[in-house]
Amino acid sequence: MRILGVHGIGNYWEGLDPGPAAERMAGVWRRNLARGPLGEAAESYDLTVAYYAHLLQEAGGQSVGGGVPLAALSPDEEQALRYWLDELELPAEPPQGLLTWPFRQALSFVANREKLDPERVEAFADRHVKEVAAYFSTANGSRRRTRARDVVLDALRDRSPRVVIAHSLGSVVAYEALWRYGDEGGAPVDLLITLGSPLAIPHAVFHRLDPAPSADGLGARPPVVRRWVNIADTGDVVAVPKGGVARRFLGVTEDITQRIHAFDFHLVANYLATGAVARTLDAVSVAGEPAGS
């Protein structure tokens, strides 16, 4: 079974060319699928990963998530952080409203509520908002979004996968690429699995998608995709608002929310090892060709 993975944030491998980085990442994904109920069956999957992280980096190869967390945010990055925090259901204090909370105070509250390490949450927020902002940026004629999307589109053309598994920001890149793939007559994709997806975050992501939501305020499953299963950890602060993907997008076959990991709430490694992913992939194998094809 041909599977195309699309990675999420925090996957820039400095000093490694895109080809070797993609191969190494595919090995990581395959090993983590094998950690779960699929076991050795995962080794038979023809799995590749579309690697685009290098395209979201600043000139000179520095990671957009590097440096001191939350230091020197650009206006786009600060806006992305405010939009994201607005979805995390902070208490309405201080009186002037949620978006005026000092960033570190707000993130510390989230960490304490979710029983997470505040420094890890802060560092994660730094990576998340910087890569999201880099993807959507139009500053100075930025073409990062187009180039990242084209990496996934080229992989769809080359591989004609039966399954696409997209994690985190990768679900946004995959969503947009799949619409273009369908428009140009690409082969049907039996299954799209989105993991820890921010697709439903209103202002930071949802309202900026291409194609844009319809006049009635809804997105839709890309027509080239036959089934769409979304999986989110109950503690994943990127997959917000809770249950938002099924509410905001028509054609989502199943939206699964469950506790996956107590502390590493967004790691693709933990998502790939879940029973939910195994059952969803098994259903594709049973419905069609043998798993190794």
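### Observations concerning the pattern of salt bridges
Part 1: This structure, assessed with the given rule, holds 12 salt bridges.
Part 2: Where D126 meets K130, a salt bridge forms, and the shortest distance between an N and an O atom there is 3.0 Å. With a gap of 4 residues between them, D126 and K130 both fall in helix α4 (residues 118-136), about one helical turn apart.
Part 3: What makes D126 buried here is its relative accessible area of 1%.
Part 4: Between D210 and R180 there is a salt bridge whose closest N-O contact spans 2.5 Å. Placement of D210 in the loop between β4 (189-195) and β5 (219-220) and of R180 in helix α6 (residues 169-183) is noted, with a sequence separation of 30 residues between them.
Part 5: The exposure class assigned to R180 is partly exposed, which follows from its relative accessible area of 23%.
Part 6: Connected through shared salt-bridge partners, R145, R149, E176, R180 and D210 make up one network.

### Describing the sheet that holds strand β3 (residues 163-167)
Part 1: Taken together, 6 strands build an open sheet; the order of strands is β2-β1-β3-β4-β6-β8 and the sheet is parallel. With partners counted over all chains shown, the strands left at the sheet margins are β2 (46-50) and β8 (254-258), one partner each. Within the sheet, the average angular offset between the axes of one strand and its neighbour, ignoring direction, is 15°.
Part 2: Against the sheet, helix α1 (residues 18-35) contacts β1 (2-6), β2 and β3, and its axis sits at roughly 130° relative to β2.

### Side note on helix α5 (residues 144-159)
Part 1: For α5, with 16 residues, the first-to-last C-alpha span of 23 Å sits near the 22 Å given by 1.5 Å per residue.
Part 2: Taken together, the buried positions of α5 are R144, R145, A148, R149, V152, L153, A155 and L156.
Part 3: Tucked into the core, α5 has its buried residues touching β1, β2, α4, β3 and α6.
Part 4: Within two residues after α5, S160 carries a phi angle of roughly 45°, on the positive side.

### Focus: the side chain of R30
Part 1: Looking at the secondary structure, you find R30 in helix α1.
Part 2: Notably, R30 is buried but unbridged: the nearest opposite-charge side chain belongs to E43, and the N-O separation is 4.8 Å.
Part 3: Discounting residues that sit within four places of it in the chain, R30 has contacts with A42, E43, Y45 and L47.

### Let's talk about the packing of α4 against α6
Part 1: Where α4 contacts α6, the axes come no closer than 10 Å and their chain directions differ by 20°. Between α4 and α6, the crossing angle belongs to the class labelled roughly parallel. Here α4 runs over α6; the crossing is right-handed. On α6, the residues that touch E131, V132, Y135 and F136 of α4 are L169, V172, V173 and E176.
Part 2: The class makeup of the residues in the contact of α4 with α6 is 6 nonpolar, no polar and 2 charged.

### Digging into the environment of V173
Part 1: Inspection of the secondary structure puts V173 in helix α6.
Part 2: You can call V173 buried: its relative accessible area is 0%.
Part 3: Setting aside residues up to four positions removed in sequence, V173 forms contacts with Y52, Y135, A148, R149 and V152.

### Some details on the environment of S142
Part 1: Its location among the elements puts S142 in the loop between α4 and α5.
Part 2: Every residue in contact with S142, bar those within four places of it in the chain, is listed here: A134 and S137.

### Observations regarding the packing of aromatic side chains
Part 1: The full count for this structure, using the stated rule, is 7 aromatic pairs.
Part 2: Residues Y175 and W228 carry aromatic rings whose centres are separated by 6.1 Å and whose planes lie at 45° to one another, so their mutual orientation is tilted. Here Y175, found in helix α6, pairs with W228, found in strand β6 (residues 225-233); they are 53 residues apart in sequence, far enough to count as distant. Here the two residues Y175 and W228 agree in accessibility, since each one is buried.
Part 3: In textbook terms, an aromatic cluster arises when at least three aromatic residues are bridged by ring pairs, as seen for Y175, W179, F206, W228 and F249.

### Brief notes about the pairing of β3
Part 1: Within β3, 5 of the 5 residues are buried, which leaves the element mostly enclosed by the surrounding structure.
Part 2: Here β3 shows two buried faces, one formed by V163, I165 and H167 and the other by V164 and A166.
Part 3: Pairing geometry for β1 and β3, over 4 bridges, is parallel. Within the sheet, the bridge partner assigned to G5 lies in β3 and is I165.
Part 4: Where β3 and β4 come together, 5 bridges link them in parallel fashion. Looking at β4, one finds that I165 is bridged to I193.
Part 5: This β-α-β element, β3 to α6 to β4, shows right-handed connectivity.

Cut-offs applied
Residues numbered from 1 in each chain as written. Predicted model: local features only at pLDDT ≥ 70, side-chain atom pairs only at ≥ 80, totals over all residues. Heavy atoms only, no water. Salt bridge = Lys/Arg side-chain N within 4 Å of Asp/Glu carboxyl O. Helix = DSSP H or I, 4+ residues; strand = E, 2+ residues; numbered from the N terminus. Buried < 20%, exposed > 50% of the residue type's maximum accessible area, 1.4 Å probe, protein only. Pairing = 2+ DSSP bridges. Axes fitted to C-alpha atoms, helices over the stretch in contact; angles between N-to-C directions. Contact = heavy atoms within 4.5 Å. Expected span 1.5 Å × (residues − 1). Lys, Arg positive; Asp, Glu negative; His and termini not counted. Parallel < 35°, antiparallel > 145°, perpendicular 65-115°, else oblique. Left-handed = near helix turned anticlockwise from the far one by under 90°. Nonpolar A, V, L, I, M, F, W, Y, C, P; charged D, E, K, R; others polar. Phe/Tyr/Trp six-rings, centres within 6.5 Å; stacked < 30°, edge-to-face > 60°. Right-handed = clockwise from strand over helix to strand, strands pointing away.

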